[in-house]
Number of protein chains: 2
Amino acid sequence: MKHDPRFDEARDRHDSRSNPVFVGVERAIHEHRLPPGTRLAEAELCEIYGVSRTIVRAGLQALTHSQLVTLVPNRGASVAKPTPSDAQEVFEARELIEPRTAREAARRATPADIELLRRHSAEEHKALEARDYGRSLRLSGLFHTEIARISGQKTLLGFVDQLVSRSALIIALYWHRERARCDSQCHERLIDAIAAAKPDEAETLMRSHLVDIHTALDFRDAGDSSRDLRDMLLP
Amino acid sequence: MKHDPRFDEARDRHDSRSNPVFVGVERAIHEHRLPPGTRLAEAELCEIYGVSRTIVRAGLQALTHSQLVTLVPNRGASVAKPTPSDAQEVFEARELIEPRTAREAARRATPADIELLRRHSAEEHKALEARDYGRSLRLSGLFHTEIARISGQKTLLGFVDQLVSRSALIIALYWHRERARCDSQCHERLIDAIAAAKPDEAETLMRSHLVDIHTALDFRDAGDSSRDLRDMLLP
DNA sequence: AGCTCATAAATTGTATACGATATCGAGATT
DNA sequence: AATCTCGATATCGTATACAATTTATGAGCT
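Residues numbered from 1 in each chain as written. Chains lettered and ligands numbered in written order. Predicted model: local features only at pLDDT ≥ 70, side-chain atom pairs only at ≥ 80, totals over all residues. Heavy atoms only, no water.

**Here we look at the nonpolar core**
Okay, so step 1: Counting residues in hydrophobic clusters, the biggest one holds 44 residues, and the most contacted among them are A:I97, A:F159, A:I170, B:I97, B:F159 and B:I170.
Okay, so step 2: In contact with B:F159, not counting residues within four places along its chain, are A:I97, A:F159, A:Q162, A:L163 and B:I97.
Okay, so step 3: Core analysis: the next-biggest nonpolar cluster, separate from the first, contains 20 residues, A:A28, A:C46, A:L71 and A:A77 among them. (Core = buried A, V, L, I, M, F, W, Y, C linked by side-chain atoms within 4.5 Å. Buried < 20%, exposed > 50% of the residue type's maximum accessible area, 1.4 Å probe, protein only. Contact = heavy atoms within 4.5 Å.)

Take a look at the structure:
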C-alpha cells in the first residue's frame, strides 16, 4: 500500500472539527449566542463539554487561529471583538475574493449543487419566518461558504470560511437594522445566475451584495454584556 | 485602566510566534532544509528544542493550521506535500490577492517602507550571489509579505503570509530551473513602481510576476528523501 | 519463500499535577 | 475617602503520567 486516500479527508477537517470545544464555541458565535468580548474561562469550558483542559486549550488555540477568539498570555481567552477597521478589512477582503468564487461556482456548479443551494436558501427563509434569528444568520453565512466550496478552490474556501466566521462577530457589533431582507433576495438572484451558468453576472451580483452589507454597517457603540456561559453554549 | 493597547500586539503574534517548535520548523521549511513529506515525530522535536510534548503538539497544530504540516490522527505529523492541484490553487489565489496588496502598497508606502524593501532586495541579491539558496528563498518570500504589510490590510497580510509559506513547499516540489533570476529583476521593478506611487503599474507588475512563477512550475515526480531531522533543524 | 496472526515496542491522545502569573480583597497609609 | 501594599485565591502555562492506537517483529502455517 502506497498511500491511503482516506487520510487526505481525515487530515483536513478532523483536526479542529473533532474538538467539541472548537465546534461548540464556533457555532455559538455564528448563531450570536456568544457576544463579542465574552470571557471564555478554561475551567468553565471543561465542565460544559466534559473534557480536560488539554482539549479546551487546543480548541481555544484553533479558534484563535481563525480569529474568533482572542488569547492574551496569562490572562485567558475571550470572544474576539473586531474593531471598525477590522470590519472594513474583512469586507474589503470578501469583496475581493468572493466575486471570484461566485464566478467559478457559476462555471462549475452541477445540478446537485444548485439543488443544495436552493435548499439552503429555503431553510434560511424558513428560519427567518420562524424568527430563529441565530439559525438564519448561520445559514446565511453557510450560503457563502457553500458557493466557495462549489468553486472548487479549497484555498479560497479556507479564506472565505474565516471571513464569513468573522463577519458573524462584525454583524453582532455593527449591524443595527432589521437584517436579511436583502439577503434572501440577493441570494435567490445569485443562485439564478449560477444555475444559468452566467459567471459575469454571478460575480457582479456577489460584489454588490457584499458592498450592500458593508455600507450598511454602523460603527458606533460596542457595549459589553455579561451573561452566563452555560446558557449561551448548551442550548 | 480600560484597555492596555499592548495586549493587541501581544495577542496577535505571540500565540504561535513564541513557540520555538513553530518558529523553528516554519523557518526550516521556508529555507528548504525540511523537504515536503518529512516525518516530524513528537519525541524527536522534544529533544531538539528541549521542550515537552505539550509545546511540540501546540506548535504542530499551529503549523497544521497554516497548512505547512499534515497531521494524521494517531499517526503523527509530517511536512505537507502540496499536490499539483494545491499548487495551482495557491498561485491562483496569489494572483488574485497580491496584485491588490501591491496596488495598496503603492498608494500608502512611506519613504521608510521603500528603504526597507530596497534593503531586503539587496540582501536577497547578496544571498543569491553567496549561493545561500535557502536564505535567498526566504528573503524572496519576505518581500511579498512585506508588501502586504505595507498595504495596511492585516487580513490580506494573513492570507499572503500563508500563501507565501506554502509556496516554499510548492517550489521545493515543482520548481526545477535555476530560479530567482527573474525575481530580483521583478522585485526591483516592483519597488520602483511602488516608490513612484503608481498603483496600476505595481498591480500589473505583481500579477505578471506571479504568473511567471506559476507557469514555470513543472508538475512531475515528487520523490521522497529521508535524512536526519536534527541536521535539518539545528543549523 | 511468502503469508497470517499474535505479541511487544513505539507513538500518539488525554488527563492530571505542579509551578508561575494575575486577580481580588482586607487592612494600613496619606 | 481614596490609594497602596500584601496576602489569599483563582487562573493560566508547562511537564509528566497513563491509556489508546499504531507499527514492528517473529513464530507458525500453507
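**A closer look at the sheet that holds strand β1 (residues 39-40) of chain B**
Residue and element names in this part refer to chain B.
Okay, so step 1: In space, the 3 strands of this open sheet follow the order β1-β3-β2, with antiparallel pairing throughout. In this open sheet, the two strands that pair with only one neighbour each are β1 and β2 (69-72).
Okay, so step 2: Summarising the sheet, β2 and strand β3 (residues 76-79) pair through 4 bridges and their orientation is antiparallel. From the neighbouring strand, L71 faces β3, where its bridge partner is A77.
Okay, so step 3: Here helix α4 (residues 53-65) sits on the sheet and contacts β1, β2 and β3; the angle it forms with β2, its principal contact strand, is near 115 degrees. (Pairing = 2+ DSSP bridges. Helix = DSSP H or I, 4+ residues; strand = E, 2+ residues; numbered from the N terminus. Axes fitted to C-alpha atoms, helices over the stretch in contact; angles between N-to-C directions.)

**Some remarks on the confidence of the model for chain A**
Residues and elements named next belong to chain A.
Okay, so step 1: When pLDDT is averaged across chain A, the result is 89; 85% of the residues are at 70 or more.
Okay, so step 2: For chain A, per-element mean pLDDT is lowest for helix α1 (residues 6-13), which scores 43, and highest for helix α4 (residues 53-65), which scores 98.
Okay, so step 3: In the model, residues 1-12 has pLDDT below 50 throughout and makes 6 contacts with residues more than four positions away in sequence or in other chains. (pLDDT = per-residue confidence, 0-100.)

**Examining the environment of A:V211**
Okay, so step 1: Following the sequence through the fold, A:V211 ends up in helix α10 (residues 199-216).
Okay, so step 2: Taking C-alpha positions, A:V211 is 8.7 Å from A:E92, a pair spaced 119 residues apart along the chain.

**Looking at the protein's contact with DNA strand C**
Okay, so step 1: Taken together, 14 residues are adjacent to DNA strand C, and A:S52, A:T54, A:R75, B:R53 and B:R57 come closest.
Okay, so step 2: Of all atoms in DNA strand C that approach within 4 Å of the protein, 64% are sugar or phosphate atoms.
Okay, so step 3: In this structure, A:R75 approaches DNA strand C through a side-chain N or O atom, which is 2.5 Å from a phosphate oxygen.
Okay, so step 4: Among the elements of the structure, α4 of chain A together with α4 of chain B are those that each provide at least two residues to the surface near DNA strand C. (Near = heavy atom within 4 Å. Polar contact = N/O pair within 3.5 Å; in protein donor to acceptor, adjacent residues only side chain to side chain.)

**Structural notes on the relation of the copies chain B and chain A**
Okay, so step 1: Overlaying chain B on chain A yields an RMSD of 0.0 Å, the required transformation being a rotation through 180 degrees with an accompanying axial translation of 0.0 Å. Put plainly, the chains are arranged around a two-fold axis.
Okay, so step 2: Looking at chain B, 100% of its interface residues are interface residues in chain A too, so the copies touch through the same face. (Least-squares fit on C-alpha atoms with pLDDT ≥ 70 in both.)

**Topic: the pairing of strand β3 (residues 76-79) of chain A**
In regular strands, side chains alternate between the two faces of the sheet.
Residue and element names in this part refer to chain A.
Okay, so step 1: The two faces of β3 differ: A77 and V79 on one face are buried, but G76 and S78 on the other face are not.
Okay, so step 2: In this structure, strand β1 (residues 39-40) lies alongside β3, joined through 2 bridges in antiparallel fashion. Among the inter-strand pairings, R39 is bridged to a residue of β3, identified as S78.
Okay, so step 3: Between strand β2 (residues 69-72) and β3, which follow one another and run antiparallel, lie 3 residues, and N74 among them has a positive phi close to 65 degrees.

**Brief notes about the protein's contact with DNA strand D**
Okay, so step 1: Close to DNA strand D lie 14 residues; A:R53, A:R57, B:S52, B:T54 and B:R75 are nearest.
Okay, so step 2: Atoms of DNA strand D within 4 Å of the protein: sugar and phosphate make up 66%, bases the balance.
Okay, so step 3: Contact distances for DNA strand D include 2.6 Å between a phosphate oxygen and a side-chain N or O atom of B:S52.
Okay, so step 4: Residue contributions to the surface near DNA strand D peak at 3 residues, all from α4(B).
Okay, so step 5: In terms of residue class, the surface near DNA strand D is built from 3 nonpolar, 5 polar and 6 charged. (Nonpolar A, V, L, I, M, F, W, Y, C, P; charged D, E, K, R; others polar.)

**Focus on the packing of helix α8 (residues 154-174) of chain A against helix α8 (residues 154-174) of chain B**
Helix-helix packing: each pair is described by the crossing angle between the helix axes and the interaxial distance.
Okay, so step 1: It is the contact of α8(A) with α8(B), at a shortest axis distance of 12 Å, that shows an interaxial angle of 155 degrees. Taken together, the axes of α8(A) and α8(B) are roughly antiparallel relative to one another. Considering only the axes of α8(A) and α8(B), their crossing is right-handed. For the pair formed by α8(A) and α8(B), the contact residues are A:T155, A:F159, A:Q162, A:L163 and A:R166 on the first element and B:T155, B:F159, B:Q162, B:L163 and B:R166 on the second.
Okay, so step 2: Residue composition of the contact of α8(A) with α8(B), by class: 4 nonpolar, 4 polar and 2 charged. (Parallel < 35°, antiparallel > 145°, perpendicular 65-115°, else oblique. Left-handed = near helix turned anticlockwise from the far one by under 90°.)

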